[in-house]
Amino acid sequence: MSALSQKSITENFTEEKRLSKDLNLIYDFTEKPNRTNLKAKSDRAVVAKLRADLVLPNDKILTVDIDFDSTSGYHNNTMLVMDDFGVEMLVTAFAVKYGQQFADKISNAWAEKKHQNDPRKPTYLLVQKPTIDDGIPNVFVACGDKDHDTGNNIKPKSIV
């Protein structure tokens, strides 16, 4: 099969949808089996994985696969916050619902490097809904650390 034929087959299985001038979705309709522990709702899909190309301050690209699969199959991932406005909205919600001390932890984590020698401030925050009634969501700071994979298997801790 020629490269031209392969391209047209791929195009038949994709659809591009522009939501706004800077938000473009590309759907890949190629059928794939669900090899995750996640289950869709009866009336809503759930996000299993996102792939992000991050533009670093040195103008290089770092690709990050964000995998929401878990061995329990419980889908408690709620939010991905990627900019100052998103953090402002999250901080406001935390201040109202959980208290200013938790809101301040989020603001500080976003505004500062995790460690002084880290190359940059966080790129995004991941928020998980509480696992117990009346609990506080986990908020994880991501992609600002110098070492992304140290191989030491230390479990990241929520900032709140």
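That block above? That's the structure.
Counted by the stated rule, this structure contains three salt bridges. Between Lys 49 and Asp 65 there is a salt bridge, and its shortest N-O distance comes to 3.9 Å. Taken together, the residues Lys 49 in strand S3 (residues 49-55) and Asp 65 in strand S4 (residues 61-67) connect sequence positions 16 residues apart. Between Arg 51 and Asp 65 there is a salt bridge, with the nearest N and O atoms lying 2.6 Å from each other. Of this pair, Arg 51 sits in strand S3 while Asp 65 is found in strand S4, placing the two residues 14 residues apart along the sequence.

What follows deals with helix H3 (residues 100-111). An ideal rise of 1.5 Å per residue puts 16 Å on 12 residues; H3 measures up with 16 Å between its terminal C-alpha atoms. Among all positions in H3, only Phe 102, Ala 103, Ile 106, Ala 109 and Trp 110 are buried. Considered in projection along H3, the buried side chains sweep an arc of 130° and stay on one side of the axis. Looking at the buried positions of H3, the neighbouring elements they touch are strand S5 (77-81), helix H2 (84-97), strand S6 (124-128) and strand S7 (138-142).

For S3 and S4, the ladder comprises seven bridges, and the chain directions are antiparallel. Opposite Lys 49, over in S4, you have Asp 67 as the bridge partner. Where S3 folds back on S4, the antiparallel hairpin that results is connected by five residues, among which Asp 59 adopts a positive phi of roughly 70°.

Moving on: H2. Across its 14 residues, H2 extends 20 Å between first and last C-alpha, which sits within 8% of the 20 Å expected from 1.5 Å per residue. Of all the positions in H2, only Gly 86, Val 87, Leu 90, Val 91 and Phe 94 are classed as buried. One face of H2 carries all of its buried residues, which in axial projection span an arc of 130°. Of the exposed residues in H2, the ones pointing more than 90 degrees away from its buried face are Phe 85 and Val 96. The inward-facing, buried residues of H2 contact S5, H3, S6 and S7. Just downstream of H2, Gly 99 is the residue with a positive phi angle, here 120°.

The next point concerns a nonpolar patch on the surface. On the surface, Phe 13, Tyr 27 and Phe 29 cluster together into a nonpolar patch covering about 300 Å² of accessible area. Considering the arrangement of structural elements, one finds Tyr 27 in strand S2 (residues 23-28). By relative accessible area, Tyr 27 is classed as partly exposed at 35%.

Relative to the helices and strands, Gln 128 is located in strand S6. You can call Gln 128 buried: its relative accessible area is 17%. Distance in space between the C-alpha atoms of Gln 128 and Asn 138 is 5.1 Å, their sequence separation being 10 residues. Sequence-distant contacts of Gln 128, defined by excluding residues within four places in its chain, comprise Asn 76, Asn 77, Thr 78, Pro 137, Asn 138 and Phe 140. Here the side chain of Gln 128 touches Asn 76 through a polar contact of 3.3 Å, side chain to side chain.

Cut-off values and rules
- Residues numbered from 1 in each chain as written.
- Predicted model: local features only at pLDDT ≥ 70, side-chain atom pairs only at ≥ 80, totals over all residues.
- Heavy atoms only, no water.
- Salt bridge = Lys/Arg side-chain N within 4 Å of Asp/Glu carboxyl O.
- Helix = DSSP H or I, 4+ residues; strand = E, 2+ residues; numbered from the N terminus.
- Expected span 1.5 Å × (residues − 1).
- Buried < 20%, exposed > 50% of the residue type's maximum accessible area, 1.4 Å probe, protein only.
- Arc of directions from axis to C-beta.
- Contact = heavy atoms within 4.5 Å.
- Pairing = 2+ DSSP bridges.
- Patch = residues over 30% accessible without salt bridge, like charges linked within 9 Å, V, L, I, M, F, W, Y side chains within 5 Å.
- Areas by Shrake-Rupley, 256 points an atom, 1.4 Å probe, with all protein chains shown as cover.
- Polar contact = N/O pair within 3.5 Å; in protein donor to acceptor, adjacent residues only side chain to side chain.

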